[in-house]
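So the chains spell out like this:
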Amino acid sequence: MTFPTIGMIGYGGIGRVHGMAYRSLPFHYGLPADTVRIGGVATTRAETAQAAAAELGCGFWTADYRELLARPEIDAVDICVPNHMHAEIAEAAAAAGKHIYCEKPLAMNVAEARRMVDAAARAGVKTQMTFNFRYYPAVLRARQLVDEGLLGRIFSFRGRYYRSSYIDPNKPISWRQQRPIAGGGALFDIGSHILDMLYYACVGEFSAVQATLDTLIKERPAAHWHGRTCHRGCGRHRPAHAAHEGGRAGRGRCLAHGHGADQRHRLRDFRREGRDPRLAVSTRPGWRSTTCATPTSPPAGCAASASSRPSTATPARRRPTGR
Amino acid sequence: MTPDFVRTHAECQYQFLKAVTEDKPTHPTLADGLHIQAVMAAAEKSSTEGRWVEVTEMLA
């Protein structure tokens, strides 16, 4: 099996995570080391690009992503740049015939996101983005149980994603708190994840939203390279949003000031006015917890028998594709 | 960064590379990202205007 050769665009914090993950693939999946090929890397500065190439062990680096796109040996690009650059690079990559793997959130706004989708469709390239939390085994199992009809019609749902990453008000501002670069705060950064987990595992497309967003820390120290004492940014949102359709309503929360939380997600369905969850998914600790909580449900890990499946069909909604 | 965080990235990458190699459908696609983008836009509009916002309103 020969995998497409990857060109990495952007190599900050998440770029290095992607690099580490690519390098781990042969170990996880029993592949020859040369199956996963990173053919080049582009950043915005020559010195960071060169350092990235050295770390990744790839032969080509550039401070202009268009030079990477021009190389015929690159089959797919991995876009790890801040959000405001996603659309421009994805459109250029599609025009160059490269498959696209892009970090979340997809874009700064709906118009940009739509342009990216259209460009990829016109070019006939494959696309994927890193809503990677879909791939927790617990989330995959939850999706499988929902697909098998174990839950029947879902009347309500809850999801939450708490992190403590920005609980310290003295933590310097990053691009993630600056609207011109990030597009939004915690809603975009981690809210996009919990929304996708609910979308994928439980509820399908959302139809309507009611939200309360707040920026809890309105000023942060400037990072040392800015040479200023203080920035006003878009801060971190503390959203609580609900979405409902077809008789089901629920809530997704995300919080970047969750004290003591690192990566903590929970998904639940509630069948009767917020009580009696049949399915609870937690990704902490570890990644294995999918629990069917009612006595009539088979235990997690067992295939649902036909007789245990409720007969009430879930109203037809477009659900995302996937296993 | 926790080990399981990197591991979910590895699985996401593996599924992408395998799907491209075998010419099979990928997920999540950019179209899935567009839906989430519209939900986030609806959330911001809802917070500003204090009302329910239809997701289709953001896609119109």
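All values reported here derive from a predicted model rather than from experimental measurement.

Engineer: Could you clarify how one ought to interpret the packing of aromatic side chains in this entry?
Structural biologist: Each pair of aromatic rings is reported with the distance of its centres and the angle of its planes. If you walk through the whole model with that rule in mind, you get seven aromatic pairs over all chains. Arranged with centres 5.0 Å apart and planes meeting at 45 degrees, the rings of A:Y101 and B:F16 form a pair that is tilted. With A:Y101 in strand β5 (residues 99–102) and B:F16 in helix α1 (residues 3–22), the pair connects residues from two separate chains. Each member of the pair, A:Y101 as well as B:F16, carries the same accessibility label: buried. The ring of A:F60 carries the charged tip of A:R71 above its face, separated from the ring centre by 3.8 Å. The residue whose ring lies beneath A:K171 is A:Y166, and the NZ or CZ to ring-centre distance is 4.1 Å.

Engineer: Explain the environment of A:K171 here, please?
Structural biologist: Residue and element names in this part refer to chain A. Turning to its location among the elements, K171 is positioned in the loop between β7 (156–162) and α7 (179–182). Placed 52 residues apart in sequence, K171 and A223 show a C-alpha to C-alpha distance of 8.6 Å. Those residues in contact with K171 that sit more than four places away from it in its chain are S165, Y166, R220 and P221.

Engineer: Could you clarify how one ought to interpret the interface of chain A and chain B in this entry?
Structural biologist: Many descriptions give the size of an interface as the accessible area lost when the pieces come together. Each partner contributes residues to the interface: chain A has 78 residues there, and chain B has 52 residues. Note on chain A versus chain B: buried area summed over both sides is about 5,800 Å², and carbon and sulfur give 68% of it. Between chain A and chain B we count three salt bridges in total. Here B:D32 and A:R134 are joined by a salt bridge, their closest N and O atoms 3.8 Å apart. Taken together, chain A and chain B are joined by 26 residue pairs in polar contact (both at pLDDT 80 or more). Among the elements that make up the side of chain A that touches chain B, the one with the highest residue count is helix α1 (residues 13–29) of chain A (ten residues).

Criteria and cut-off values
Residues numbered from 1 in each chain as written. Chains lettered and ligands numbered in written order. Predicted model: local features only at pLDDT ≥ 70, side-chain atom pairs only at ≥ 80, totals over all residues. Heavy atoms only, no water. Phe/Tyr/Trp six-rings, centres within 6.5 Å; stacked < 30°, edge-to-face > 60°. Helix = DSSP H or I, 4+ residues; strand = E, 2+ residues; numbered from the N terminus. Buried < 20%, exposed > 50% of the residue type's maximum accessible area, 1.4 Å probe, protein only. Lys NZ or Arg CZ within 6 Å of the ring centre and 35° of its normal. Contact = heavy atoms within 4.5 Å. Buried area = accessible area lost by both parts, 1.4 Å probe. Salt bridge = Lys/Arg side-chain N within 4 Å of Asp/Glu carboxyl O. Polar contact = N/O pair within 3.5 Å; in protein donor to acceptor, adjacent residues only side chain to side chain.

By themselves, these observations are geometric and do not establish any function.
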